Amino acid sequence: MALNIAVCVKPVPDSKHFDKITIDPVTKTWNRCGIPMVISDLDKHALEAALSLRDKFLGKVTVFTMAPETTKENLLEALGMGADEAFLLSDRAFAGADTLATSHTLAAAIKKTGPYDLVITGNESDDGSTGQVSAQIGEWLKLPHIMNVISLEYKDEVLHLNSITEDGSIGYELKLPAVIGVTRKVNKPRFINVMGMMKAKTKPLTILKAEDLPVDKDHIGLSGSPTQPGDIYSPQSGRKAEYLEGTPEEIAQRIVLELRKAGITL
Amino acid sequence: MNISEYKNILVYAEVKGDRIAENSLELIGEACRLKEHKGDDTKVYTAVLGNGTDRFIEQLYEHGADVVVSFNDEKLAQYRSDLYGEALTKLAEKYKPEIFLIGCTYQGAELAPTVAARLKTGLAAHCTELKFHSDGRFIQVVPAFGGKVLGDILTPAHRPQMATVKAGICVKQRFEGKKGSSESFSCDLSGFGDQIKVVSVVKEKAKGKPLHESECIIGGGFGVGSKENWAILEEFATIVNGATGCTRPALDEGWTTGEQTMIGTSGVAVRPKMYINVGISGAAHHTCGMKDAGFVISINKDANAEIFKYSDIKIVADWKTIIPLVIERLRK
């Protein structure tokens, strides 16, 4: 059976540069400081999982993003990796959405353009890292969903998954349609080549607005979000690093002393 | 929604084999702290799901539960997001808690958004702090950008106010001999077929001492350099009856095994008495997982490493010139 797969990806500031992010003390907003936007790491694994399933069983991979129109480049990247079509959900009405509103909007686009056999997302995004959108898309679509996926195989029209736990893993058989959230263990994302990038520009990339989607106005954007952001700040450390100098012997001696002072069983 | 109908604090007590997850016990302790802070007639409820849940009731009282609600059903013997999601949603609908806390274990991280979506309420993920504003509003502090930024989250008009918290953030409490009351709960789970089928549960034997049981943790990052060097840290950890913890780069290099020893936003939070770390630059990803340690000694070649901002003692040196000497002294 050919598989029709939806993949949700999130453009985020490149996590390699998170240390450059600053907070404006007056407006209480964070400043991206020109950090480039990239597809969130785990979402590339989600896309790779979809592409390998399609390459093996045929079908189609459609990518969804809810973000400002400036992130078109990131969708071109997804198309360059091999996705067949992309939808960018972009509307001022979507701005400020929390995970419940975001998942509602993505689910509406999936419903509108589907049906899909499988929806794949990264387990969590690099920026907010809430890890909530995957399961909540499943809930809005009323589909079974499994997160923390470390391996998957499609056989006899059933998805065979392993999901990580603190002390091992759980093996599942999941009937489709369903939603899954994947971890970085699941695969190694492919690189984009020049050919892929050239092809990307010929693939359909559609912008969808609120009016194009079967969304419930009470569940989109900031006003449709149960959680509201308050103050933001940088984490503070109350520690005053004492600069310990001396010969290695002296330093080692001090470390032993501190271990004793802390009451560590030696 | 009439939010004044919502009272009390509910904690989901996750069953892990024959015990309750540490993370859940910590959250019951946190719920007690929040209750005390409120100073009204708020009670701490815990919900436990599974087959044979009665054996946990005493333990839950002793960790602070005023009321234990158990849902005892063969169908709940093994966790599944659909069944547990339904059970916990129906339970929350009945008990109408003002605050609902769930541990951010792999299971909790899947269950919490499921339940929040069904209840159409707000959920704050991986909270690093829970507190009340002076006007009584509940504030959930969440990290963003790997811990570089912290933000307050409020849920003004929806209830319950849900939050997940990682292991190691809150402190468990013990109330020797405390007795509470217990209630049983059930709801119809027959509508769930076999869309999700559990075919295997693999439990790997834990290697070394768990981080949350270690009074002293030896942390290593990319600066450790090799698997052979990592063995030195392991040796050090053994001598101090502790365990080694790592950063993402050290884990990715394969020097240490097990995601469960990674400290930070995508790993665990720890609060040992002593945290000695080497070769860790101190990205926010890591520091937000170790900032609650009792005493921190950091060794790094780079005098400007971020990690020193989170340290009590700063040592600018090659750790390999120091740690073997410490081991030698401790062996004597």
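Placed above this text is the structure.
## Here we look at the sheet that holds strand S8 (residues 118-122) of chain A
Pairing between the strands of a sheet comes from backbone hydrogen bonds, and it takes one of two forms, parallel or antiparallel.
Working step 1: The strand order S13(A)-S7(A)-S6(A)-S1(A)-S8(A)-S12(A)-S9(A)-S10(A)-S11(A)-S13(B) describes an open sheet built from ten strands, whose pairing is mixed. With one partner strand each, in any of the chains shown, strand S13 (205-208) of chain A together with strand S13 (196-203) of chain B form the two edges of the open sheet. In this sheet, adjacent strand axes meet at a mean angle of 30° when their direction is disregarded.
Working step 2: Strand direction decides the pairing type here: strand S9 (residues 145-155) of chain A and strand S10 (residues 158-165) of chain A, joined by six bridges, are antiparallel.

## Quick look at the packing of helix H6 (residues 248-261) of chain A against helix H8 (residues 319-331) of chain B
Packed helix pairs are characterised by how far apart their axes lie and by the angle those axes make with each other.
Working step 1: Two elements in contact, H6 of chain A and H8 of chain B, have axes whose closest approach is 8 Å; the angle formed by their N-to-C orientations is 55°. When the interaxial angle is binned, H6 of chain A and H8 of chain B end up oblique. Judged by the sense of rotation from one axis to the other, the crossing of H6 of chain A with H8 of chain B is right-handed. Contacts from Pro248, Glu249, Ile251, Ala252, Gln253, Ile255 and Val256 of chain A of H6 of chain A reach H8 of chain B at Thr321, Ile322, Leu325, Val326, Arg329 and Leu330 of chain B.
Working step 2: By residue class, the composition of the contact of H6 of chain A with H8 of chain B is nine nonpolar, two polar and two charged.

## Points about the sheet that holds strand S12 (residues 181-184) of chain B
All names here are of chain B.
Working step 1: The strand order S7-S11-S6-S1-S4-S5-S12 describes an open sheet built from seven strands, whose pairing is parallel. In this open sheet, the two strands that pair with only one neighbour each are strand S7 (123-124) and S12.
Working step 2: Two strands pair when backbone bridges link them, and strand S6 (residues 99-103) and strand S11 (residues 161-165) are joined in this way by five bridges, in the parallel orientation. Looking at the pairing, phenylalanine 100 lines up with methionine 162 of S11.

## Focus on the pairing of S8 of chain A
Residue and element names in this part refer to chain A.
Working step 1: Here S8 lies mainly inside the structure; five of its five residues are buried.
Working step 2: With burial as the criterion, each face of S8 is covered, one bearing Leu118, Ile120 and Gly122 and the other bearing Val119 and Thr121.
Working step 3: Where strand S1 (residues 3-8) lies against S8, four bridges are found, and the strand directions are parallel. Opposite cysteine 8, over in S8, you have threonine 121 as the bridge partner.
Working step 4: Here S8 runs beside strand S12 (residues 178-182); their pairing, made up of five bridges, is parallel. Directly across from threonine 121, in S12, lies its bridge partner glycine 181.

How each quantity is defined
- Residues numbered from 1 in each chain as written.
- Chains lettered and ligands numbered in written order.
- Predicted model: local features only at pLDDT ≥ 70, side-chain atom pairs only at ≥ 80, totals over all residues.
- Pairing = 2+ DSSP bridges.
- Helix = DSSP H or I, 4+ residues; strand = E, 2+ residues; numbered from the N terminus.
- Axes fitted to C-alpha atoms, helices over the stretch in contact; angles between N-to-C directions.
- Parallel < 35°, antiparallel > 145°, perpendicular 65-115°, else oblique.
- Left-handed = near helix turned anticlockwise from the far one by under 90°.
- Contact = placed C-beta atoms within 7 Å.
- Nonpolar A, V, L, I, M, F, W, Y, C, P; charged D, E, K, R; others polar.
- Buried ≥ 20, exposed ≤ 12 C-beta atoms within 10 Å, placed from the backbone.

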